[in-house]
Every structure is written in C-alpha cells, then in structure tokens.
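# Examining the three-dimensional arrangement
The primary structure of each chain is shown beneath.
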Amino acid sequence: MEYEAVIGLETHVQLKTRSKMWCGCANQFGAPPNTHVCPVCLGLPGVLPVVNDEALRLTALTGLMLNSKISAHAKFDRKNYFYPDSAKNYQITQYDRPSTEGGWFEFEYDGAGSLDGLARVKITRAHLEEDVGKNVHFDRFSGVDFNRAGVPLLEIVSEPDLTSSAMAYEYLTSLTAALVREGVSDCDMEKGMVRCDVNVSVRPKGSQKLGAKVEIKNMNTFSGVRRALDYEIPRQMAVVAAGGAIPQETRRWDELAGITETMRSKEDAHDYRYFPEPDLMPFVPVDEWMNSVRSRLVEMPLALKKRLIREYGIPAGDAEVLTNDWPLADYFERAVRGAKNSKGVANWVINNLRARLVQRGCGLEDMRFPISGIGELVELVDSGRVSSKIAQEVFEQMFERGESPAAIVEHKGLSQVSDVGAIEEFCREVIVGNPKSAEDFRAGKPAALNFLKGQVMKLSKGKANPGMAGAVLERLLRG
Amino acid sequence: MSDFNVHYVAKLARIALSPDEEERLGSQLGNILSYIEKLKSADVSGVEPTAHAFPLLNVTRPDVVETSLTNEEALRNAPSHTGGLFVVPNILE
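Residues numbered from 1 in each chain as written. Chains lettered and ligands numbered in written order. Predicted model: local features only at pLDDT ≥ 70, side-chain atom pairs only at ≥ 80, totals over all residues. Heavy atoms only, no water.

With that settled, consider the domain arrangement of chain A. Residues and elements named next belong to chain A. Here chain A is partitioned into domain 1 (3-294), domain 2 (301-412) and domain 3 (420-478). Summed over both partners, the interface of domain 1 with domain 2 buries about 520 Å², with 63% contributed by carbon and sulfur atoms. The interface formed by domain 1 and domain 2 holds two salt bridges in total. Ionic pairing is found between E108 and K305, a salt bridge with its closest N-O pair at 2.9 Å. Taken together, domain 1 and domain 2 are joined by one residue pair in polar contact (both at pLDDT 80 or more). (Domains from an automatic or database assignment. Buried area = accessible area lost by both parts, 1.4 Å probe. Salt bridge = Lys/Arg side-chain N within 4 Å of Asp/Glu carboxyl O. Polar contact = N/O pair within 3.5 Å; in protein donor to acceptor, adjacent residues only side chain to side chain.)

Printed below as a string of structure tokens:
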C-alpha cells in the first residue's frame with residue numbers, strides 16, 4: 001500500500017517592535033543577560049501588563065497578508081505551566097478569540113499538491129503571545145536570561161495541507177520572506193526570531209482520515225524541519241506498513257544524530273488550564289485603526305515577481321533575483337521607465353549594477369548618475385553606438401563620476417566606429433601585421449578569424465563595431 | 001459533588017499534600033464548587049460572556065522603549081545568580 005504524509009506547521013515569529021509586548025523594555029537581541037528587564041517581564045508580583053499597540057497592528061497586518069478574518073473582538077488568555085523560563089508561571093496568549101482566523105498563503109512550489117508551480121496552504125489562525133526567557137545550561141544548575149521574556153511572538157498555524165518535507169521548506173521560506181517584506185518580523189534565524197513546531201502524520205494514500213499526530217517541537221532552522229521530516233515520514237510509514245500503530249506523542253529532533261526521539265507521550269501532556277487574562281482588556285479594532293494598518297500593506301514577493309514578468313517581459317530568473325532584493329527591484333522599476341529594452345535594463349541592473357555595489361560596498365542611495373542612465377546605456381548598445389565592451393567602460397565611469405552615459409561617450413570619444421571605411425583600415429592593418437593567422441584562415445581554420453577580429457578590436461581601442469569588423473575581415477581575406 | 005480531583009489539582013500547582021490534607025481540602029473545595037454550581041441556575045440568555053466586570057476596551061500603550069532595570073537591580077532579590085543570569089535548579093526536559 002502507498003502512504004502519504006500530512007503536515008501542519010505552527011510558525012512562531014518575533015514581531016518587529018521597538019519595545020516588548022507588555023512593557024517598555026527594548027525588544028533587542030544580543031544584549032548582556034537580564035539588562036532589558038523590568039518588574040513586568042520578570043513576572044514580579046503586583047505588576048500590570050499593557051498591550052503594545054504596534055504588536056496588535058503587525059498582527060492585523062499579517063492577517064491581511066494571509067487573507068484572514070481580523071477578529072472584531074480579540075482577547076488574551078493565560079496558559080498555565082511551570083518552567084523556569086516563564087517567571088509568572090503562565091504565558092499570556094490568545095486561546096479562543098485570536099486576533100486573526102482563517103485565510104491562506106500562496107507560494108511557489110513545484111511538486112505534489114501544487115498547480116502551475118504554485119501551492120496554496122490554508123491558515124487556521126495567527127495569534128499573539130509572548131516569548132519566554134532563555135535557559136542556559138551548566139553542569140549542575142541552569143541560568144535564566146529574561147531579555148527575551150515578553151517579546152511579542154506571533155504564532156501562525158497552518159492547516160495540515162502540506163504533503164512533503166520540500167513543500168514544508170518552501171512554505172516556511174516564502175512565508176518568512178513575505179513577513180520580512182511586510183515589516184512584520186526580521187525573521188532572522190541566527191537570532192532565533194523564527195521557531196517552528198511540526199505536526200506530522202501518515203495515512204494510506206487517498207484516505208480522508210487523519211493518522212495519529214506526532215509533534216516535533218522547537219525547530220529553529222528550516223533545513224532542520226526538512227531533515228526532521230525526511231527522517232520522521234519514512235519512520236512512520238514503516239511502522240504503519242508493518243501493521244504497527246503510531247502513538248500520538250511529542251518528539252524532539254536530534255540534529256547531531258539525525259533522528260527524532262520521544263519527548264513525552266500525550267497521556268502526561270500538560271493541562272494548561274487556560275482562562276481569560278484578567279489583567280488585559282479585549283481588543284476591538286475600529287475602522288480608522290484598521291484602515292491605517294491596511295495602508296501599510298505592500299505588494300507581496302510572489303505578486304511582485306509575477307508582475308515583473310508580466311509587465312516587463314523579463315526572464316523568471318531575473319524577476320526572482322529582483323524579488324529577493326526589494327530595493328534593487330524598486331530601482332529597476334524606476335530605471336526602466338521610458339526605456340525601450342526592459343530585459344536589457346534588468347540584465348544591467350542585476351549583473352553590473354548589483355555586482356559593482358557589492359564589490360564597492362555601497363548602496364543604491366550612493367548612485368549619482370541619473371535614474372534613466374542604465375536605460376540610456378542599453379539604448380546606446382542596442383543602436384550600435386557603443387560596443388558592449390565599451391559599454392562596460394562607460395558604466396564604470398557612470399558609477400564613479402555620476403554622469404549620464406551620453407556625456408561620458410561624448411567627452412571620452414567612446415562612440416563605436418561603424419564607418420565601413422574606418423573599419424576597413426583597421427582590418428587591412430591587422431591582416432598585414434598577422435600574415436600567419438591570415439594564412440591559417442585561408443587554409444580553412446575559422447578560429448583564426450576570431451583572433452584577427454580581436455586584433456582589430458585592440459587596434460581600435462574597442463571602438464570598432466565587432467560584427468562589422470568580422471564581416472569586413474572575412475570579405476578582405478576571401479577577396 | 002463534582003468530578004473535582006484535589007490530588008490532580010495539587011499536582012498541577014506543585015503543592016505536596018498529605019492524605020489527611022487531601023481529604024480535608026478536597027471536601028472544602030468541593031463545597032465551594034457546589035456553591036458555584038448554583039450560578040448555573042441563573043438565566044444568562046442574552047448576556048454576553050465577559051471576563052471583566054468593567055466595559056473597558058482597547059487599553060494599549062505606544063511602542064516606546066523605556067528604561068529597564070540594571071542587571072544588579074534585576075538580580076537583587078534572586079537567591080542565586082551568576083554571570084548576570086538567575087540561577088535555577090538543573091533543567092531536565
């Protein structure tokens with residue numbers, strides 16, 4: 001019998017706020033331990049949390065991004081458990097009235113479960129909660145740093161619509177790219193800003209019934225999620241195929257060993273005794289507030305990529321590069337305005353401008369040549385006024401001096417020579433100077449022509465029109 | 001009496017009770033719960049459920065960073081600390 005995997009993901013992202021969720025301590029990674037703490041986030045008795053308005057806005061923004069219903073009445077709840085990283089002995093979260101419900105996320109994926117290279121995963125909900133402190137383990141005791149405690153955390157829960165490790169990986173990559181783009185989170189995995197719980201079960205292919213769910217907790221890299229699923233899915237399938245049953249349990253991914261192992265079984269699962277948070281009032285978004293959140297929504301990466309291809313006819317690969325570098329995409333869109341050859345402009349922006357920026361360690365804001373410069377340069381090449389080799393030189397000058405390409409060509413005398421008479425002169429000189437190569441060509445070695453053409457380019461300081469030089473050389477040699 | 005299980009609740013709350021205490025507290029808490037049972041007879045149709053007695057909504061603060069405690073202040077009441085961290089018993093999952 002054939003089996004299929006059913007995967008759902010709970011993705012936690014730290015929201016990009018300046019201050020924490022309930023207090024004014026800085027939401028900042030990397031500070032010395034317990035220096036961004038106060039009585040509220042240390043969970044000292046008698047303190048009152050107050051909701052960070054920006055965290056609510058970023059949550060609603062995520063809801064809009066995910067085509068979700070934004071709750072007209074959201075509230076907070078306490079999830080009770082004892083663990084040293086949570087000094088209050090409860091975590092404030094949203095249990096039955098989350099800020100957003102429903103929705104879907106579409107991303108590029110080619111494989112089972114996709115259509116025309118796109119996959120759509122339904123979203124169950126996205127709810128707001130607080131991050132907990134960080135434990136540091138020593139030989140005989142543990143230490144706790146509460147700098148992270150109270151950092152706003154958004155949990156995005158997907159429906160079990162994913163069918164493979166590769167699909168889960170693409171979902172996570174695309175989702176976080178969109179969140180970064182919308183300014184919801186920096187999603188920096190090195191800084192632990194994204195963590196993921198994976199729910200996975202297997203069932204006979206085509207069956208509608210879900211198998212017993214295994215949860216793999218606390219994944220902090222997407223490649224880890226992929227590897228854990230590549231281990232866990234065949235493991236479950238083997239058990240079921242051999243007539244065994246998968247118990248519902250929580251497992252841990254052991255990165256070094258490359259295996260998952262039982263953490264705890266559902267029988268002794270925590271009883272969190274959720275109840276409404278008495279210290280926080282419900283949140284009812286008013287129209288004005290919602291409208292100001294809506295005005296922050298920008299074009300999502302996938303929409304941008306599709307539009308770049310459609311609107312400018314550029315190759316998918318180029319659109320992908322631009323989509324992954326938003327300021328560059330914005331620059332391209334401004335540079336291409338009024339240009340005849342948008343593919344050429346994309347090519348120059350990606351292969352020359354971007355490379356040069358990286359090499360010189362400067363940014364687009366440092367570019368002083370006019371925004372239309374690259375389009376004009378492409379036009380100079382396309383019309384044969386400069387060779388593509390000279391164009392590189394012109395671009396150098398544009399980059400260094402901030403002048404327009406026309407001005408550079410003008411005062412450096414870089415115009416391509418397309419005058420037949422002038423080119424013939426260069427060619428004759430080269431043939432005379434390289435009798436051996438000329439003889440080789442006549443004797444049937446076409447490669448010799450390339451050498452001679454190179455000599456013509458050299459002699460003309462790169463200004464000869466290379467196509468014409470080749471044709472003229474051939475005519476003279478055969479003649 | 002309800003299905004109230006004092007042993008289970010004590011375990012969740014990390015409170016160690018002797019069998020005598022379990023017996024005594026169990027029956028006391030059971031009595032309290034039976035008072036609360038009476039609330040079930042009240043007619044609440046048409047009453048919106050709420051966790052608050054006060055009709056207050058949308059209490060928020062602007063996203064502004066304020067001064068935190070110093071590390072010394074934060075750790076002042078800790079029974080034990082090292083390297084700026086609160087020291088707790090070894091955590092084993």
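After that view, the rundown keeps rolling.
This paragraph deals with the confidence of the model for chain B. Residues and elements named next belong to chain B. Here chain B averages 88 in pLDDT, while 95% of its residues score no lower than 70. Ranking the elements of chain B by mean pLDDT puts helix α1 (residues 6-12) last with 86 and helix α3 (residues 71-75) first with 97. For this predicted complex, the interface confidence comes out at an ipTM of 0.86, alongside a pTM of 0.83. (pLDDT = per-residue confidence, 0-100. Helix = DSSP H or I, 4+ residues; strand = E, 2+ residues; numbered from the N terminus.)

Residue and element names in this part refer to chain A. Looking at where S86 falls in the secondary structure, it is placed in the loop between β4 (77-80) and β5 (90-93). Taking relative accessible area as the criterion, S86 reaches 7% and is therefore assigned buried. In terms of polar contacts, S86 uses its side chain to reach the backbone carbonyl oxygen of Y90, at 3.2 Å. Residues contacting S86, with those up to four places away along its chain left out, are Y81, Q91, V132 and F146. (Buried < 20%, exposed > 50% of the residue type's maximum accessible area, 1.4 Å probe, protein only. Contact = heavy atoms within 4.5 Å.)

What follows concerns the pattern of salt bridges. All names here are of chain A. Overall, the coordinates contain 40 salt bridges over all chains when judged by the stated rule. R478 serves as the salt-bridge partner of E474, at 3.1 Å between the closest nitrogen and oxygen. Residue E474 and its partner R478 are located together in helix α15 (residues 466-478), separated by four residues, close to a single helical turn. Residue R478 is classed as exposed on the basis of its relative accessible area, which comes to 61%.

For the rest of this paragraph, the subject is the interface of chain A and chain B. With 52 residues of chain A in contact, the opposing surface of chain B contributes 35 residues. Between chain A and chain B, a total of about 3500 Å² is buried, with carbon and sulfur atoms accounting for 60% of that surface. Three residues stand out in chain A for area buried against chain B, namely A:F82, A:S142 and A:M281, and they jointly supply 16% of the buried area on that side. The tally of links between chain A and chain B comes to zero salt bridges. Where chain A meets chain B, there are 20 residue pairs in polar contact (both at pLDDT 80 or more).

To continue, consider helix α9 (residues 373-382) of chain A. Of the residues making up α9(A), those classed as buried are A:G373, A:I374, A:G375, A:L377, A:V378 and A:L380. In the segment just after α9(A), A:G384 is the residue with positive phi, at about 80 degrees.

Right, let's get into the packing of aromatic side chains. All names here are of chain A. Taken as a whole and assessed by the stated rule, the structure comprises 14 aromatic pairs over all chains. Ring geometry for F107 against Y171: centres 5.9 Å apart, planes inclined by 65 degrees, an arrangement best described as edge-to-face. Here Y171 lies in helix α2 (residues 165-181) and F107 lies in strand β7 (residues 104-108), a separation of 64 residues in the sequence. Summarising the burial analysis for this pair, F107 and Y171 share the class buried. Between the NZ or CZ atom of R181 and the centre of the ring of W326, over which it lies, the distance is 3.3 Å. (Phe/Tyr/Trp six-rings, centres within 6.5 Å; stacked < 30°, edge-to-face > 60°. Lys NZ or Arg CZ within 6 Å of the ring centre and 35° of its normal.)

Let us now look at empty space enclosed by the protein. Space left empty within the atom packing is revealed by a probe, the size of a water molecule, rolled over the atoms. Residues and elements named next belong to chain A. Under the definition given, this model contains three cavities of 30 Å³ or more. Considered as a void within the structure, the largest cavity measures approximately 90 Å³ in volume. In terms of lining, the largest cavity is formed by 13 residues, of which the most central are S86, A87, K88, E130 and A149. The class makeup of the residues in the lining of the largest cavity is six nonpolar, three polar and four charged. It is helix α1 (residues 53-65) that contributes the most residues to the lining of the second largest cavity, three residues altogether. In the lining of the second largest cavity, the residues fall into seven nonpolar, three polar and no charged. (1 Å grid on protein atoms, 1.4 Å probe; cavity = no way out; pocket = protein on both sides within 12 Å on 5 of 7 lines; lining within 4 Å. Points joined across faces, edges and corners; volume = space filled by probe spheres on them. Nonpolar A, V, L, I, M, F, W, Y, C, P; charged D, E, K, R; others polar.)

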